[in-house]
Amino acid sequence: MSRPQLLVLYGSQTGTAQDTAQRIGRQAQRRHMQNQVAALDSYNVANLISESLVLFVVSTTGQGDPPDNMKNFWRFLFRKSLPAGSLCQLDCAVLGHGDSSYPKFNFVAKKLHKRLQQLGASLLLSVGLADDQHDLGADAVIDPWFTLFWDRVSALYPSINSMTAVPEDQPLPPSYKFHFLDDVIEKSDDTGRAGIPREQRVPSQSHPFLARMTSNQRVSHPSHFQEVRLIEFDISDSNIEFTAGDVVSMRPCNNQEDVEQFCQLLQLNPKAQFILKTNKSSAVPLGLPEPCTLRHLVERCLDVVAVPRRSFFELLLCFSTNEVEKEKLAEFSSVPGQDELHTYCGRPRRTTLEVLADFPHTTAELQVDYLLDLFPQIQPRSFSIASSTQAHPGRLQILVAVVTYKTKMQKPRKGLCSTWLASLDPTQGEVRVPLWVKKGTLKFPPEKDTPVIMVGPGTGVAPFRSALQERIAQGKMANVLFFGCRSESKDFYFSTEWRERVEEGQLSLFTAFSRDQEDKIYVQHRVKEQSKLLWELIANRNAYFYIAGNAKQMPTSVCDALKETFELEGGLSLEESDQMLVAMERVGRFQSETWS
């Protein structure tokens, strides 16, 4: 039998599934197998009927939704017109990335696995369900699943066993070649300043709109531990349209201090200009200019302050010649060493830059051609839009909590995007941010008299501010908002706006300030207190119920409080209250948007 070609197709929102797909691609390469790794939407799905061996690596986003880069594939695969046996020639497997703190854990992987079976594909093994909540992370599932996958492939294609595999500590050829240009002086970096022609297309990830930042204000009290900012952009003439519930995405930049440190550690000249050449299966990173400076590449493309994944240590190992460093990298790359790696990297949230500094001899050996193999690309971040063009024409606002926290590391840990956004000051000169808008998961009823009940503590209130501005402008006055925070005086966002809406009869507002009294009060307590109102709105007026905010405990607690309302006011049993909530969710009358 001829040597098979492995096609690895991934659907990835944050880069995790992509990293796993690239890992399996490298494993195939070490086995001398031809392989291709690609995002699902960059692959012509019509060719699937002629493939022989495919591995799907997919994550689940939102409330059981497929990632953005596989949505076209998803729609095609679930066409009812596809014949039942159309994939009968295909051997395949599905590996899912998920988070068991969400109710629809690995929903996309499970559904894809079932659909492939319906279409006649031969599934080599059961669907892999990697879980970010596992003590040792997703690799606790991925490692044994990979072993089983290769066992099945070897049995199916014995020819791959005839050649000795490339050792794990030997580097594979790079995916890119950097061709440096001589005697080229670095120009000021205004890459993409022109954006896209205004009359042309709707902005997207590949063609973002360079929006001017008009304001960047702190809205939490200066004495409050959590810095929260309301940021506004001018989107006039952008072709951007959005409705309540939509999200805006942007790709952040590394700060200059980190860029300089990275270049020093790898002995790179940030002013050097290059043209990037790729092999057949690698795509040039989105938005990379030609020619490009190393400064631009590091600042805007390479995620050098993320907590590195295990694959990073596997790749570092290939370059290490120092025995002490090589031994430690080998341990971190091995299956038995994952607890040790988690202690070193995962728990303290040690960054890639800090790892490079800890392995100076290996870092000095790194070759520039491997930069894009070693360091993942900065992934876009998404924010719920916190405004409506009905109230703010030509403007788009977001509510951003600046992420900072302490671990055992000396320096505080900081969120890349929120810290970057907080540092931008439009009062000191023009600031432009490349952005694009996507449809969100929250959908609001079009009927004028249908009430909406919104539970949005903290920054979870952002999409509901957009909804309220939009609904009130449309004359929809049946609006109920439950808002919670720590203190009325420190983090009660949009308090003046809410009070004005209440006075004008446009909003019923219920607040929970958890630290303003001895006993902590949360939004779920207020939901219970308003059981009569909620039952009237839901049972008799077909109200919609929404939750947005942190996924830890709040959503479950609010759902429990809502079901208690059904039992208390509607006389339902526990089982009936569960069924009622499920029925509401099925028809879109119960929706949630949460994040961990």
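A quick note: this is a predicted structure, and the numbers were derived from the prediction, not measured.

Definitions and limits used
- Residues numbered from 1 in each chain as written.
- Predicted model: local features only at pLDDT ≥ 70, side-chain atom pairs only at ≥ 80, totals over all residues.
- Heavy atoms only, no water.
- Salt bridge = Lys/Arg side-chain N within 4 Å of Asp/Glu carboxyl O.
- Helix = DSSP H or I, 4+ residues; strand = E, 2+ residues; numbered from the N terminus.
- Buried < 20%, exposed > 50% of the residue type's maximum accessible area, 1.4 Å probe, protein only.
- Pairing = 2+ DSSP bridges.
- Arc of directions from axis to C-beta.
- Contact = heavy atoms within 4.5 Å.
- Phe/Tyr/Trp six-rings, centres within 6.5 Å; stacked < 30°, edge-to-face > 60°.
- Lys NZ or Arg CZ within 6 Å of the ring centre and 35° of its normal.

(A) The pattern of salt bridges, seen in detail. Scanning the model with the defined rule gives 29 salt bridges in all. For the salt bridge of Glu 168 with Arg 30, the shortest nitrogen-to-oxygen distance reads 3.8 Å. One end of the pair, Glu 168, is in the loop between α4 (139-156) and β7 (176-180); the other, Arg 30, is in helix α1 (residues 16-30), with 138 residues separating them in the sequence. Under the relative-accessibility criterion, Glu 168 is labelled exposed at 52%. The buried category is assigned to Arg 30, whose relative accessible area is 7%. Salt-bridge contacts for Asp 68 lead to Lys 71; the nearest nitrogen and oxygen are separated by 3.3 Å. For Asp 68, a relative accessible area of 29% puts it in the partly exposed group. With relative accessibility at 31%, the residue Lys 71 sits in the partly exposed group. One continuous salt-bridge network, built from bridges that share partners, spans Arg 23, Asp 139, Asp 143, Arg 310 and Glu 314.

(B) A look at the sheet that holds strand β11 (residues 273-278). Taken together, three strands build an open sheet; the order of strands is β7-β11-β12 and the sheet is antiparallel. Only two strands of the sheet have a single neighbouring strand rather than two, namely β7 and β12 (292-293). The sheet contact formed by β11 and β12 spans two bridges and is antiparallel. Directly across from Phe 274, in β12, lies its bridge partner Cys 292.

(C) View of helix α17 (residues 531-541). Listed in full, the buried residues belonging to α17 are Ser 531, Leu 534, Trp 535, Leu 537 and Ile 538. For α17, the angular spread of buried residues about the axis comes to 165 degrees, placing them on one side. Looking at α17, the residues exposed on the side facing more than 90 degrees away from the buried face are Lys 532 and Asn 540. Lining the buried residues of α17 we find β18 (452-455), β19 (479-485), α16 (523-529), β21 (544-550), α18 (554-570) and α19 (574-586). Just beyond α17, the residue with positive phi is Asn 542, at close to 55 degrees.

(D) Inspection of unusual backbone geometry at higher detail. Here the residue pair Glu 290 and Pro 291 is connected by a cis peptide bond, since its omega of 0 degrees sits within 30 degrees of zero. Structurally, Pro 291 can be placed in the loop between β11 and β12. The phi angle at Gln 267 is positive, at roughly 55 degrees, despite the residue not being glycine. Checked against the element boundaries, Gln 267 lands in the loop between α5 (256-265) and β11.

(E) Structural context of the packing of aromatic side chains. Taken as a whole, this structure holds 26 aromatic pairs when the rule is applied. Seen from their ring centres, Phe 178 and Phe 180 are 6.2 Å apart, and the 25 degrees between their planes marks the pair as stacked. Pairing Phe 545 with Phe 590 gives two aromatic rings, centres 6.1 Å apart and planes at 15 degrees, and the pair type is stacked. In this pair, Phe 545 is assigned in strand β21 and Phe 590 in strand β22 (residues 590-595), connecting sequence segments 45 residues apart. Ring pairing ties together the aromatic residues Phe 262, Phe 312, Phe 313, Phe 332, Tyr 344, Phe 359 and Phe 375, which thus form one cluster. Between the NZ or CZ atom of Lys 104 and the centre of the ring of Phe 107, over which it lies, the distance is 5.3 Å. Above the ring of Phe 494, the side-chain terminus of Arg 465 is found at 4.2 Å from the ring centroid.

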